[in-house]
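Per-entry structural report
Here are the chains, one letter per residue:
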Amino acid sequence: SGMFTATLGGLSRDILCQKPPRILYAEKEVYALPAFIGAMVTTAVLRFLGENLVLEAVLLGIWITIEMRILAVNHGLRLPVLPEDLRKYARSPALSWASEPLNPPPGSKLHAPIT
């Protein structure tokens, strides 16, 4: 739930401040990955070291998350992005096929064209 809180909280903040959401741009900052890894550390501690270590697991997860963010910001760490020549395919409009009629290939007699 920590990952969702960090992700949706940051997304809401950026939208309310009328800025592009940081989480959607990998070339900006490492943002959701530290929250995910912190949540995984918390889960691993609870799962493998005992369910009675809740406070310790949560504090360790928070510490890991904060340390990863500090390292990412201080050292300019970024996630890999698509090469420039492949970005044109990633930026094509989503569901562009949905605006065109679904007609069968020419010569097909399976069903009539949809109009």
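Right above here is the structure, for reference.
Residues numbered from 1 in each chain as written. Predicted model: local features only at pLDDT ≥ 70, side-chain atom pairs only at ≥ 80, totals over all residues. Heavy atoms only, no water.

**A look at a nonpolar patch on the surface**
We count it as follows: Candidate patch residues must exceed 30% relative accessible area and have no salt bridge, after which like charges are joined if within 9 Å and Val, Leu, Ile, Met, Phe, Trp or Tyr side chains if within 5 Å. Throughout, the Shrake-Rupley method with a 1.4 Å probe supplies accessible areas, and for residues the shown protein chains are the sole cover considered. Counted as salt bridges are all cases of a side-chain nitrogen of Lys or Arg within 4 Å of a carboxyl oxygen of Asp or Glu. Helix numbers and strand numbers start at the N terminus; a helix is a DSSP run of H or I with at least 4 residues, a strand a run of E with at least 2. Buried means the residue's accessible area, taken with a 1.4 Å probe over protein chains only, is under 20% of the maximum for its type, while exposed means over 50%, and partly exposed covers the values in between.
Together, Val54, Leu55, Val58, Leu59, Ile62, Ile66 and Ile70 line one region of the surface with nonpolar side chains, adding up to about 600 Å² of accessible area. With respect to the helices and strands, Ile62 occurs in helix α3 (residues 54–75). Residue class for Ile62 comes out partly exposed when judged on its relative accessible area of 42%.

**Focus: the packing of helix α2 (residues 32–49) against α3**
Note the threshold: Fitted lines through C-alpha atoms serve as axes, helices being fitted only where they are in contact, and the angles separating the N-to-C directions of these axes extend from 0 to 180 degrees. Relative orientations are named as follows: roughly parallel for angles under 35 degrees, roughly antiparallel for angles over 145 degrees, roughly perpendicular for angles from 65 to 115 degrees, and oblique for any other angle. Crossing handedness follows the turn of the near helix against the far one: under a right angle anticlockwise gives a left-handed crossing, and clockwise gives a right-handed one. In this description, contact between two residues means that some pair of their heavy atoms is separated by no more than 4.5 Å. Amino acid classes used here: Ala, Val, Leu, Ile, Met, Phe, Trp, Tyr, Cys and Pro are nonpolar; Asp, Glu, Lys and Arg are charged; the rest, including Gly, are polar.
Running from amino to carboxyl end, α2 crosses α3 at an angle of 155 degrees, the nearest separation of the two axes being 8 Å. One finds that α2 runs roughly antiparallel with respect to α3. By crossing handedness, the relation of α2 to α3 is classed as right-handed. Across the interface between the two elements, Pro34, Ala35, Ile37, Gly38, Val41, Thr42, Val45 and Leu46 of α2 pack against Val54, Ala57, Val58, Leu60, Gly61, Ile64, Thr65, Met68 and Arg69 of α3. Tallied by class, residues from the contact of α2 with α3 come to 12 nonpolar, 4 polar and 1 charged.

**Quick look at the environment of Val45**
Summarising the element assignment, Val45 is placed in helix α2. On the accessibility criterion, Val45 (11% relative accessible area) is buried. When near neighbours in sequence (up to four residues on either side) are disregarded, Val45 contacts Gly50, Ala57 and Leu60.

Structural measurements only, silent on function.
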